[in-house]
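Inside the fold
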Amino acid sequence: MTDLRARLARVRADARDRLAAAGDVAAVESLRNALLGRSGELTLMLRELPGVDPEQRPQVGQLANAIRGEIELAMKARLGELEAHALDARLASEAIDMSAPGRPVRVGHLHPTLSVERDLREIFHAFGFEIFEGPEIETEAMNFEALNIPPDHPSRDLWDTLYVAEPGSDPPRPATDGTILRTHTSPVQIRAMRELTPPIRVITPGRCFRYEAVDASHNFEFFQVEGLVVDRDTSLADLKGMLEEFARALYGEATRTRFRPGYYPFTEPSVAFDVSCLVCGGPGCPACGRSGWMTILGAGMVHPSVLRAGGIDPDAYQGYAFGMGLDRITLLRHGIPDLRLLMGADLRFLSQFAGGR
Ligand SMILES: [Zn+2]
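Treat the numbers as computed from the prediction; the structure is a model and nothing was measured.

1. Concerning the pairing of strand 9 (residues 318-325)
- Within strand 9, six of the eight residues are buried, leaving the element largely enclosed by the surrounding structure.
- Examined bridge by bridge, strand 5 (residues 221-231) and strand 9 share eight bridges and lie antiparallel to one another. Counterpart to Val229 in the pairing with strand 9 is Tyr320.
- Bridge count between strand 8 (residues 293-302) and strand 9: four bridges; the pairing is antiparallel. Each bridged residue has a counterpart across the sheet, and for Met301 the counterpart in strand 9 is Tyr320.

In structure tokens:
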């Protein structure tokens, strides 16, 4: 049975080469199966042992077992090698190249309306105003009556109000406690007067709601910034001077301004405040209706009944107030023709304002 001895020697020699050629764990496992598995080459040879000449059988058996042990050890070593290589490869692939150029990161930016609001806050802060905020859900008493707009007063038609429904009412009817969504930020002025002690200088940025059909210049939701000054001797001249400074701070030194008579129930006298057209600068163009002027806000001296509603004695104090639509200021600043663009979530439009202004 020297034939079996020779075949065993060949398996031993071949196993070394085949193992060295096995490039990964799977190849080693498949070799293990081919040599040592149930019908592996070495296994089949061991089964031939009973037919070997009894004198030689112990020696051949010993050789076969030794080869089997050698192959198992060699496989274990090879697997260890392969695992170490795999780890090296993984480390190499995950290595950080400190000299590689960075990948661009998508950074968000302020919405153009919010960016204008920030600018207004800054400008008015420089004029000594502080921020005063109030709730978006108000009562009719605060939104109208306290602002000198009694129930059934025709001027209420100026504000198409969204009422909160009385719980359980069907069809829905306005809540009996008069809960509404505020139609302007003016009730915050009442809250400021009740809470603060004069001299008062506040602006009241915030969101308002009206029952409006949505079109290029109207929305049911919009933003306002109002301002209020209450002191012992404020005057229309102070208001005029402050607004002129404000317009130049917002739109540049060359901006011209004018006041026209206006009407609001909560101020007396009331004025409309215009700036020279931001598009044509004065000669007249379609954007300004060929007038050369654009109205940016309404203002006036606070009505004595409004001061009283705020707990301020109108004989001892006067006040002036002004209010503007943030959306309109934003449209004018960027020459945007349609308010709905600001309210949409179209990134192709909004990303144009990544620069901030
Ligand atoms: Zn113009």
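Continuing now.
2. Quick notes on the coordination of the zinc ion
- Protein-derived coordination of the zinc ion comes from Cys277 (SG), Cys280 (SG), Cys285 (SG) and Cys288 (SG), at a distance range of 2.2 to 2.3 Å.
- One can describe the donor arrangement at the zinc ion as tetrahedral, given that its four donor atoms subtend angles of 104 to 113° at the metal.
- Coordination of the zinc ion draws on donor residues from a single chain, spaced C-x2-C-x4-C-x2-C in sequence. Taken as a pair, Cys277 and Cys285 share a single burial class, namely buried.

3. Some details on the environment of Ile71
- Relative to the helices and strands, Ile71 is located in helix 4 (residues 57-94).
- Judged by relative accessible area, Ile71 falls into the buried class, the value being 6%.
- Once the C-alpha coordinates of Ile71 and Leu19 are considered, the two residues, 52 residues apart in sequence, prove to be 8.9 Å apart.
- The contact partners of Ile71, leaving out residues within four places of it in the chain, are Val11, Ala15, Leu35, Leu36 and Leu42.

4. Considerations on the pattern of salt bridges
- Applying the stated criterion across every chain, the model contains 19 salt bridges.
- Of the charged contacts, one joins Arg207 and Glu136 as a salt bridge, the two residues approaching to 3.1 Å between their closest N and O atoms. Within this pair, whereas Arg207 is found in strand 4 (residues 200-209), its partner Glu136 is found in the loop between strand 1 (130-131) and strand 2 (137-139), the two being separated by 71 residues in sequence.
- Note on Glu136: relative accessible area 29%, which makes it partly exposed.
- Between Arg258 and Asp274 there is a salt bridge; the shortest N-O distance is 2.8 Å. Of this pair, Arg258 sits in strand 6 (residues 257-264) while Asp274 sits in strand 7 (residues 267-276); the two residues are 16 residues apart in sequence, bridging distant segments of the chain.
- A relative accessible area of 30% means that Arg258 is categorised as partly exposed.
- Connected through shared salt-bridge partners, Asp3, Arg7 and Glu48 make up one network.

5. Section: the packing of helix 2 (residues 25-36) against helix 4
- Interaxial distance between helix 2 and helix 4 falls to 10 Å at its minimum, and their mutual angle equals 170°. Comparing the axis directions of helix 2 and helix 4 gives the class roughly antiparallel. Only Arg68, Ile71, Glu72, Met75, Arg78, Leu79 and Leu82 of helix 4 make contact with helix 2, whose side of the interface consists of Val25, Val28, Glu29, Leu31, Arg32, Leu35 and Leu36.
- Considering only residue class, the contact of helix 2 with helix 4 consists of nine nonpolar, no polar and five charged.

Calculation notes
- For every chain, the first residue of the written sequence is number 1, and numbering continues from 1 onward in sequence order.
- Predicted model: local features are reported for residues with pLDDT of at least 70 only, side-chain atom pairs are reported and counted for 80 or more only, and whole-chain, interface and lining totals are derived from all residues.
- Excluded from the side-chain calculation are hydrogens and water; included are all heavy atoms of the structure.
- Each residue is assigned to one of three classes by its accessible area relative to the maximum for its type, calculated with a 1.4 Å probe on protein chains only: buried under 20%, partly exposed between the two thresholds, exposed over 50%.
- Elements are defined by DSSP. Helices are runs of H or I of four residues or more, strands are runs of E of two residues or more, and each kind is numbered from the N terminus.
- Two strands qualify as a pair provided DSSP detects at least 2 bridges between them.
- Any nitrogen, oxygen or sulfur atom within 2.8 Å of a metal ion counts as a donor, with the limit raised to 3.2 Å for Na, K and Ca, and since water is left out, coordination shells can look unfinished.
- In these descriptions, tetrahedral denotes four donors with every angle between 85 and 135 degrees, square planar four donors and octahedral six donors with opposite donors over 155 degrees apart and the rest between 65 and 115, and irregular any other case.
- It only takes one pair of heavy atoms within 4.5 Å for two residues to be counted as in contact.
- Salt-bridge detection follows one rule: a side-chain nitrogen of Lys or Arg within 4 Å of a carboxyl oxygen of Asp or Glu.
- Angular values range over 0 to 180 degrees, each being the angle between N-to-C directions of two axes fitted as lines to C-alpha atoms, with helices fitted over their stretch in contact.
- In this scheme, roughly parallel covers angles under 35 degrees and roughly antiparallel covers those over 145, while 65 to 115 is roughly perpendicular and the rest are oblique.
- For this classification, the nonpolar set comprises Ala, Val, Leu, Ile, Met, Phe, Trp, Tyr, Cys and Pro, the charged set comprises Asp, Glu, Lys and Arg, and every other residue, Gly included, is treated as polar.

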